[in-house]
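# Results of the structural survey
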Amino acid sequence: MPFLNKKKFVLTIGDDGVVLSFFSGGKLKERLFAASPNSAEAQAIATLCKRRAETPLYVLVDILDQAYVQHMLPPVSSFTINSLIKRKLNKDFAPNDIKAAIKFGRAQKARKDWIYMFASVHNVPPFSEWLEMALEFPNPFAGIYLLPLEAELTVRDLDKASEGQKRDKTAQWKMLIAHNRVGGMRQIIFRNYKLVLTRINQPVGDSTPEVLAGNIEQDLLSTIEFIRRVGFDEKEGLELFIISSAEIKANLDLSRINAAGVFLLTPQEAAARLRLAGAAAEGDRYGDVLLAANFAGKRRHIMRLDTAYSGRLRKLYALQYGAKAALGLFFLLALLVSAYLIGNYTSLSKDLRRAEQEKRQSAEKLEKLKKGEQAFPVEINRILNTMYLHDRLVGGATGVLDLLTKFSAAKAGNVLVTGIEAKTGDLAPDKDKKGEGKLSVTFSASIENTGKNIEQTLDLTDAMVKQINSVFADYDVKYTNLPGKNAINTQIGKAPDNKNATTFSVTIEEKKPVPTKNPAKPTAPAPVAKGQEKS
């Protein structure tokens, strides 16, 4: 709403005129008095409001034609109570009255009825003329407020500021008496900070300080006697706060008043106690501006009233505020989305730059590897093939040398190995075709016929065959007199020039595929036992 502005106009309307107070930053800046809507002072008020058209305008009512009635309503639901209040307002007050109701609470006993205070203002001249003029100002209209109800906040503040001077801190009854310029001598009585009664008296005849002080004393005694009829008990305690000029204060004699606390304050002293800097100066005699200043300093008020026209204005302000809030929310959302997109773009840009940098580094490493490959005197593939061949010849339990060692141990003593033929499916198998090549080794040998006869020689040969089959039980063993083809031949020894020697060959082949090994890490050849070195 626009009324949260620190700048405020408060137009106090009384039976004797109006006082316009302009507040900025919590301090009083200007105050103007006008006795008639058609006066030059009223034109000055209109000019000031037009000059500060953006400042909201509050109307504070301090006239005689106010009515307050407390009612007990049935304990219906909070939704139904509103319709009851509306019907009772229309029934008890005139159609032209400005009226409303405020909840005071619920009864503590019996049915727990609702307790409501019904208030109204007679919308008749001169009040209606001042109100019509205020509604014509270009300022945002902030509502109509009743001084007796809003004085509750002032009494609370004065009560809190006077705690150090109290004789009885449990007093339930509070009375505020303020001598106002446009309203007169206003009396407001509260019980537990809820309005019970309000009265206003206009000084007549001689208005010397002595006479005004006497009027206050007499009215005070009459009011105390009256509130006894509505439940006042002196045991509950009564505190008095009287705001008047220094001259009236000096002539007040309250010795006949039995009160828990009596606080006589000039407008300047009350402003100092309420910490309202500049709300009253030394020599000020009236409390209108002081009460307006305390009202303007509150963010929340007791009850707002509206005419039919000001009610429509209130809805219009609410729509404007809602539109501005929606627009502000839209811009905030757009800002958040923009910030999110910018953040994502920044993060994506960083990731892209990082990926490009890694790509350049990988390209540089690849180029170095290519240059290193070109620096080798032999092709890389030939080196890898040679390493793989070496691995198959000497590596692991299935290497050629390992098979030769086992064959030498299994053969007979009169057998001489004259050649080795080793072959496999491929020298450098593909990574995706691991174990497809089988290792096949053919040993060429000659056996010297040392037996006494052919039968003995055959027996020796059979024994050797059984020994070889036993040693190579996990292999396929084939015997033939023919040498193999397309083999890698290694000359181990020389066949003896002996006509009695017989040549033969033994082929030993793996039964299952050979698992490929990492050619980049060839294993060292298996050590040969000393007893087998000669073989």
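Here the structure is shown first, and the text comes after it.
Residues numbered from 1 in each chain as written. Predicted model: local features only at pLDDT ≥ 70, side-chain atom pairs only at ≥ 80, totals over all residues. Heavy atoms only, no water.

## A closer look at the sheet that holds strand 10 (residues 184-191)
Strand order in the open sheet formed by five strands is 11-10-9-12-13, with mixed pairing between adjacent strands. Whereas interior strands pair on both sides, the edge strands pair on one side only; in this sheet they are strand 11 (194-201) and strand 13 (261-265). Going from strand to strand, the sheet's axes swing by 10° on average, the running direction of each strand aside. For strand 12 (residues 238-243) and strand 13, the ladder comprises five bridges, and the chain directions are parallel. Its bridge partner being in strand 13, Leu-240 is matched across the sheet by Val-262. Strands in contact with helix 4 (residues 147-161) are strand 9 (173-180), strand 10, strand 11, strand 12 and strand 13; relative to strand 10, the strand with the most contacts, it is inclined by about 70°. (Pairing = 2+ DSSP bridges. Helix = DSSP H or I, 4+ residues; strand = E, 2+ residues; numbered from the N terminus. Axes fitted to C-alpha atoms, helices over the stretch in contact; angles between N-to-C directions. Contact = heavy atoms within 4.5 Å.)

## So, the sheet that holds strand 6 (residues 98-106)
The three strands are arranged 5-7-6 in an open sheet whose pairing can be described as antiparallel. Each end of this open sheet is capped by a strand with a single partner; those strands are strand 5 (66-73) and strand 6. Direction aside, neighbouring strands of the sheet carry axes that sit 20° apart on average. Pairing analysis gives eight bridges linking strand 5 to strand 7 (residues 114-121), with the strands arranged antiparallel. Bridging across to strand 7, His-71 finds its partner in Tyr-116.

## A look at the packing of helix 4 against helix 8 (residues 288-296)
The geometry of helix 4 relative to helix 8 is characterised by a closest axis approach of 10 Å and an angle of 80° between their N-to-C directions. Taken together, the axes of helix 4 and helix 8 lie roughly perpendicular to each other. From helix 4, Leu-147, Glu-150, Leu-153, Thr-154 and Asp-157 reach across to helix 8, where they touch Leu-291, Asn-294 and Phe-295. In terms of residue class, the contact of helix 4 with helix 8 is made up of four nonpolar, two polar and two charged. (Parallel < 35°, antiparallel > 145°, perpendicular 65-115°, else oblique. Nonpolar A, V, L, I, M, F, W, Y, C, P; charged D, E, K, R; others polar.)

## As for helix 4
Its 15 residues give helix 4 an end-to-end C-alpha distance of 21 Å, which sits within 8% of 21 Å, the value for a rise of 1.5 Å per residue. Approximately 25° is the largest bend angle found in helix 4, and it occurs at Leu-153. Of all 15 residues in helix 4, 11 are buried, a share of seventy percent or more. Taken residue by residue, helix 4 has Leu-147, Pro-148, Leu-149, Glu-150, Ala-151, Glu-152, Leu-153, Thr-154, Val-155, Leu-158 and Asp-159 as its buried positions. (Expected span 1.5 Å × (residues − 1). Bend = angle between axes of the 7 residues up to and from the residue. Buried < 20%, exposed > 50% of the residue type's maximum accessible area, 1.4 Å probe, protein only.)

## Notes on the packing of aromatic side chains
According to the stated counting rule, one finds nine aromatic pairs in the structure shown. Measuring from ring centre to ring centre gives 6.5 Å for Trp-114 and Tyr-116, while their planes differ by 55°; the resulting arrangement is tilted. Taken as a pair, Trp-114 and Tyr-116 share a single burial class, namely buried. Its end group placed over the ring of Trp-114, Arg-106 keeps NZ or CZ at 4.0 Å from the ring centre. Just above the ring of Phe-33 sits the side chain of Arg-181; from NZ or CZ to the centre is 3.7 Å. (Phe/Tyr/Trp six-rings, centres within 6.5 Å; stacked < 30°, edge-to-face > 60°. Lys NZ or Arg CZ within 6 Å of the ring centre and 35° of its normal.)

## Describing the environment of Lys-27
Inspection of the secondary structure assignment puts Lys-27 in strand 3 (residues 27-34). A relative accessible area of 44% places Lys-27 in the partly exposed class. Between the C-alpha atom of Lys-27 and that of Lys-6, which follows or precedes it by 21 residues, the distance is 9.7 Å. Dropping the residues within four chain positions of it, Lys-27 is found in contact with Phe-22 and Ala-277.

## Description of the layout of surface pockets
Approximately 420 Å³ is the volume found for the second largest pocket. As for the second largest pocket, its lining consists of 16 residues, and the residues nearest its centre are Gln-70, Phe-104, Lys-194, Leu-195 and Val-196. Those elements giving two or more residues to the lining of the second largest pocket turn out to be strand 5, strand 7 and strand 11. Top contributing element to the lining of the second largest pocket by residue count: strand 11, with five residues. Looking at the lining of the second largest pocket residue by residue, the classes come out as 11 nonpolar, three polar and two charged. (1 Å grid on protein atoms, 1.4 Å probe; cavity = no way out; pocket = protein on both sides within 12 Å on 5 of 7 lines; lining within 4 Å. Points joined across faces, edges and corners; volume = space filled by probe spheres on them.)

In short, shape yes, function no, at least from these values alone.
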